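Each chain, letter by letter, is given below.
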Amino acid sequence: MVLNITDSAKHQINEMMKEEDAETVRLRFGVKGGGCSGLSYALGFDYEVNDELEQIEEINEIPVIITKQDIPIIEGTTIDFKQNMMGGGFTIDNPNAIVSCGCGSSFKAKEREGTPEEC
């Protein structure tokens with residue numbers, strides 16, 4: 001499986017999807033250039049899929065759009081949701097990240113380094 005979504009993250013994603021058109025919306029997860037380490041994660045909702053460049057995976061009952069070129073970089077990644085006294089947020093554990101920034105959302109992968117930006 002390309003990606004793992006914990007039960008905690010699944011619950012939070014389902015709650016957020018209630019604000020969208022739940023019949024057609026999908027979670028989109030991928031990688032974009034930028035961040036202080038060169039790459040950052042893209043996580044959001046989308047309604048459209050480019051069948052040539054993207055695929056849809058059903059992960060823990062969540063439909064996820066993944067760009068095919070990102071698969072080697074995110075293979076085995078786990079998306080979790082953590083709640084603490086300051087609130088809550090998604091965490092991403094990517095075994096392919098060779099360098100991660102202190103902010104937790106920027107990284108560098110062996111297959112693609114990206115272009116670092118100021119934090």
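Presented here is a report on the structure given in the accompanying data block. Values in this document were obtained by computation on a predicted structure and should not be read as measured data.

### Digging into the nonpolar core
Alright, step 1. Judged by nonpolar contacts, the single largest core of 21 residues is most densely connected at Leu3, Ile5, Ile13, Phe29, Ile62, Val64 and Ile66.
Alright, step 2. The residues touching isoleucine 5, leaving out its near neighbours within four places in the chain, are Lys10, Ile13, Leu27, Ile59, Asn60, Ile62, Val64 and Ile79.

### As for a negative patch on the surface
Alright, step 1. Taken together, the side chains of Glu19, Glu20, Asp21 and Glu23 make up a negatively charged region of the molecular surface.
Alright, step 2. Looking at where aspartate 21 falls in the secondary structure, it is placed in the loop between α1 (7-17) and β2 (26-33).

### Description of the packing of aromatic side chains
Alright, step 1. The final tally for this structure, using the stated rule, is 2 aromatic pairs.
Alright, step 2. Measuring from ring centre to ring centre gives 5.8 Å for phenylalanine 29 and tyrosine 41, while their planes differ by 15°; the resulting arrangement is stacked. With phenylalanine 29 in strand β2 and tyrosine 41 in strand β3 (residues 39-46), this pair connects stretches of sequence that are 12 residues apart. The pair phenylalanine 29 / tyrosine 41 is uniform in exposure class, with both members buried.
Alright, step 3. Residues phenylalanine 81 and phenylalanine 90 carry aromatic rings whose centres are separated by 5.1 Å and whose planes lie at 70° to one another, so their mutual orientation is edge-to-face.
Alright, step 4. Judged by its relative accessible area of 13%, phenylalanine 81 is buried.
Alright, step 5. Take phenylalanine 90: its relative accessible area is 28%, and that puts it in the partly exposed class.

Definitions and cut-offs
Residues numbered from 1 in each chain as written. Predicted model: local features only at pLDDT ≥ 70, side-chain atom pairs only at ≥ 80, totals over all residues. Heavy atoms only, no water. Core = buried A, V, L, I, M, F, W, Y, C linked by side-chain atoms within 4.5 Å. Buried < 20%, exposed > 50% of the residue type's maximum accessible area, 1.4 Å probe, protein only. Contact = heavy atoms within 4.5 Å. Patch = residues over 30% accessible without salt bridge, like charges linked within 9 Å, V, L, I, M, F, W, Y side chains within 5 Å. Areas by Shrake-Rupley, 256 points an atom, 1.4 Å probe, with all protein chains shown as cover. Salt bridge = Lys/Arg side-chain N within 4 Å of Asp/Glu carboxyl O. Lys, Arg positive; Asp, Glu negative; His and termini not counted. Charge placed at Lys NZ, Arg CZ, Asp CG, Glu CD. Helix = DSSP H or I, 4+ residues; strand = E, 2+ residues; numbered from the N terminus. Phe/Tyr/Trp six-rings, centres within 6.5 Å; stacked < 30°, edge-to-face > 60°.

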